[in-house]
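Listed here are the chains, written in short residue letters.
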Amino acid sequence: MLDVKLEGNKAIIDVRENIKRGEHPRGEILDYVKQAPAGTIFEIHLPLYAQPLINALSALGMNAIINELGSEHYRIMAVKINEEA
């Protein structure tokens, strides 16, 4: 199950432990993104550089930026601009 912390219009999704347990939450993340309203900012924390997730967010029309914050800690930032995503 996806754990999402909301701070105003920002959704913080930390799946580092999920992925380390062998889970693959990509589908859950994308479902959440699709259901969120336009204007939502997504902050997604991962233990690895997740190019497939970045590609999927880009395919939804979102600009996704990834930063390495530390050892096994990456953060994707993206904003949902329109409802079609």
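Here's a quick rundown of the structure. These numbers were taken from a predicted model, which means no experiment stands behind them.

**Brief notes about helix H2 (residues 26-35)**
Within the sequence span of H2, burial applies to Ile29, Leu30 and Val33. Seen from one end, H2 has its buried residues packed into an arc of 95 degrees, which puts them on one side. If you follow the buried residues of H2, they end up packed against strand E2 (10-14), strand E3 (41-46) and helix H3 (51-59).

**A few points about the nonpolar core**
Generally speaking, soluble globular proteins have nonpolar side chains that are buried together. If you look at the biggest cluster of nonpolar residues, it comprises 22 residues, and the most contacted ones within it are Ile29, Phe42, Ile44, Leu53, Leu57 and Ile76. Only E2, H2, E3, H3, strand E4 (64-70) and strand E5 (73-79) provide two or more residues apiece to this core. In terms of residue count, the dominant contributor to this core is H3 (4 residues). For isoleucine 29, the contacting residues outside a window of four places in its chain are Leu2, Ile13, Val15, Ile44 and Leu53.

**Focus: the packing of aromatic side chains**
The description of an aromatic ring pair rests on the distance of the ring centres and on the angle between the ring planes. Taken as a whole and judged by the stated rule, the model has 2 aromatic pairs. Judged by centre distance (6.4 Å) and plane angle (85 degrees), the ring pair of tyrosine 32 and phenylalanine 42 falls under edge-to-face. Of this pair, tyrosine 32 sits in helix H2 while phenylalanine 42 is found in strand E3, placing the two residues 10 residues apart along the sequence. Take tyrosine 32: its relative accessible area is 24%, and that puts it in the partly exposed class. Both rings, one in tyrosine 49 and one in tyrosine 74, keep their centres 6.0 Å apart while their planes meet at 90 degrees; by these two values the pair is edge-to-face. Placement of the pair is tyrosine 49 in the loop between E3 and H3 and tyrosine 74 in strand E5, with a sequence separation of 25 residues. Since its relative accessible area comes to 46%, tyrosine 49 is described here as partly exposed.

**A closer look at the layout of surface pockets**
Volume-wise, the largest pocket comes out at about 180 Å³. In this structure, the largest pocket is lined by 14 residues; those nearest its centre are Ile19, Arg26, Leu46, Leu48 and Ala50. Those elements that place two or more of their residues in the lining of the largest pocket are H2 and H3. It is H3 that contributes the most residues to the lining of the largest pocket, 3 residues altogether.

Rules of the game
Residues numbered from 1 in each chain as written. Predicted model: local features only at pLDDT ≥ 70, side-chain atom pairs only at ≥ 80, totals over all residues. Heavy atoms only, no water. Buried < 20%, exposed > 50% of the residue type's maximum accessible area, 1.4 Å probe, protein only. Helix = DSSP H or I, 4+ residues; strand = E, 2+ residues; numbered from the N terminus. Arc of directions from axis to C-beta. Contact = heavy atoms within 4.5 Å. Core = buried A, V, L, I, M, F, W, Y, C linked by side-chain atoms within 4.5 Å. Phe/Tyr/Trp six-rings, centres within 6.5 Å; stacked < 30°, edge-to-face > 60°. 1 Å grid on protein atoms, 1.4 Å probe; cavity = no way out; pocket = protein on both sides within 12 Å on 5 of 7 lines; lining within 4 Å. Points joined across faces, edges and corners; volume = space filled by probe spheres on them.

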